[in-house]
Amino acid sequence: TPATSARSVVLLASLVSGGQQQTFEGAFFVPVGPDALGAPRRVAGRGPQFPTLIGAGSDEFIAAGDQKPLTLLKLDSTGTLLWRRSFSRNLVLPTVAVGADRKILVVSQGGIHLQVQLLDESGRPLASKQMSAKQGTVAADRGRGWSILLSRGFGGKENRVYLIVLDPMLRQLSEVETPLRGRGGRTYQLVSTPRGHMIIGESPD
């Protein structure tokens, strides 16, 4: 997984062993220079898979680890661990966004609901809520609020996708149905741009 933050570009690489039953053996943080990759630095051992890495401002990064338990790591541009936070073992498939004020929003699947957790820049909980949905992904808004693209099923041609806007403390401001369908589950994306957000996914057309 590649990510950028200020002047830094890095990769997060996971090591997996096994066949049908896989074991996640660890994750490595790899700086990307102008001409070559830097030396890999191990940032996690056996345990959660780390498929997600995002920039967190000021040459810092958030890595999100999935599965037993959901885990967040905050790293500097060399891969030095700044903090580690673990959450419920029942939460899976996290998506993460960092706002302009450096607050962190984590959206994860909790079985019959989405769990939405707001953290400060040190990873301490500020607010949380459950949403009536099965899957979703998040982006930070320019006005310190949050946008969540979510679906209320796990798949199928009628698995409609909605755009939800939350204020900075997670109060819902609006809900709009999009033309997308999550036919294969969370097969949609929410991408931030300087002028707003772009949604990408499947539609009946």
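Before reading further, recall that the structure is shown in the block above.
Residues numbered from 1 in each chain as written. Predicted model: local features only at pLDDT ≥ 70, side-chain atom pairs only at ≥ 80, totals over all residues. Heavy atoms only, no water.

J.: Explain the pairing of strand S11 (residues 114-119) to me, please; I cannot follow it from the model alone.
T.: Along any regular strand the residues' side chains alternate between the sheet's two faces. With 6 of its 6 residues buried, S11 lies for the most part within the structure. Of the pairings in the sheet, the one linking strand S10 (residues 104-109) to S11 comprises 6 bridges and is antiparallel in character. Opposite Ser108, over in S11, you have Gln115 as the bridge partner. What sits between S10 and S11 in their antiparallel hairpin is a turn of 4 residues, with Gly111 showing a positive phi close to 85°. The sheet contact formed by S11 and strand S12 (residues 125-131) spans 6 bridges and is antiparallel. Paired with Gln117 across the two strands is Ser128, which belongs to S12. Between S11 and S12, which pair antiparallel one after the other, the connecting turn spans 5 residues, and Gly123 there sits at a positive phi close to 85°. (Buried < 20%, exposed > 50% of the residue type's maximum accessible area, 1.4 Å probe, protein only. Helix = DSSP H or I, 4+ residues; strand = E, 2+ residues; numbered from the N terminus. Pairing = 2+ DSSP bridges.)

J.: Help me understand the environment of Ser132, please; the structure alone is not making it clear to me.
T.: Residue placement: Ser132 occurs in the loop between S12 and strand S13 (135-140). With relative accessibility at 59%, the residue Ser132 sits in the exposed group. For the pair Ser132 and Leu150, spaced 18 residues apart in sequence, the C-alpha to C-alpha distance is 9.5 Å.

J.: What's the story with the pattern of salt bridges in this structure? I'm lost.
T.: One side chain can pair with another of opposite charge once the charged atoms of both are near each other. Within the structure shown, the criterion is met by 11 salt bridges. The shortest N-O distance in the salt bridge between Arg46 and Glu25 comes to 3.1 Å. In this pair, Arg46 is assigned in the loop between strand S4 (41-44) and strand S5 (49-55) and Glu25 in strand S3 (residues 22-31), connecting sequence segments 21 residues apart. Across the pair Arg171 and Asp167 runs a salt bridge whose closest N-O atoms are separated by 2.7 Å. Overlapping salt bridges bring together Glu60, Lys74, Arg102 and Glu121 as one network. (Salt bridge = Lys/Arg side-chain N within 4 Å of Asp/Glu carboxyl O.)

J.: Would you mind showing me how to read the nonpolar core here?
T.: Taken as a class, soluble globular proteins show a tendency for nonpolar side chains to be buried jointly. The biggest cluster of nonpolar side chains holds 18 residues, and the ones touching the most others in it are Leu105, Val116, Trp146, Ile148, Leu150 and Leu170. Residue assignment for this core shows that the elements contributing at least two residues are S10, S11, S12, S13, strand S14 (146-151) and strand S15 (160-166). Within the second largest apolar cluster, 14 residues are counted, among which are Ile54, Ile62, Phe87 and Ile104. (Core = buried A, V, L, I, M, F, W, Y, C linked by side-chain atoms within 4.5 Å.)

J.: Is there a simple way to think about the packing of aromatic side chains in this case?
T.: Remark: the centre distance and the inter-plane angle together describe each pair of aromatic rings, the angle taken between the planes. Considering all chains together, one arrives at 1 aromatic pair under this definition. Between the NZ or CZ atom of Arg152 and the centre of the ring of Tyr162, over which it lies, the distance is 4.7 Å. (Phe/Tyr/Trp six-rings, centres within 6.5 Å; stacked < 30°, edge-to-face > 60°. Lys NZ or Arg CZ within 6 Å of the ring centre and 35° of its normal.)

J.: What exactly am I supposed to notice about the pairing of S3 here?
T.: Note that strand S2 (residues 8-18) and S3 share 9 bridges and pair antiparallel. Within S3, the position partnered with Leu15 by the bridge is Gly26. What sits between the antiparallel neighbours S2 and S3 is a turn of 3 residues. Pairing analysis gives 3 bridges linking S3 to S4, with the strands arranged antiparallel. Residue pairing for S4: Phe28 is matched across the bridge by Arg42.

J.: How do you make sense of the sheet that holds S11 when you look at a structure like this?
T.: Adjacent strands of a sheet form backbone hydrogen bonds with each other and so pair up, either parallel or antiparallel. Taken in spatial order, the 4 strands make up an open sheet running S9-S10-S11-S12, and their pairing is antiparallel. The sheet terminates laterally at strand S9 (92-98) and S12, the two strands that pair on one side only. The mean inter-strand angle of the sheet, taken between neighbouring strand axes irrespective of direction, is 15°. (Axes fitted to C-alpha atoms, helices over the stretch in contact; angles between N-to-C directions.)

Any link to function would need more than the numbers given here.
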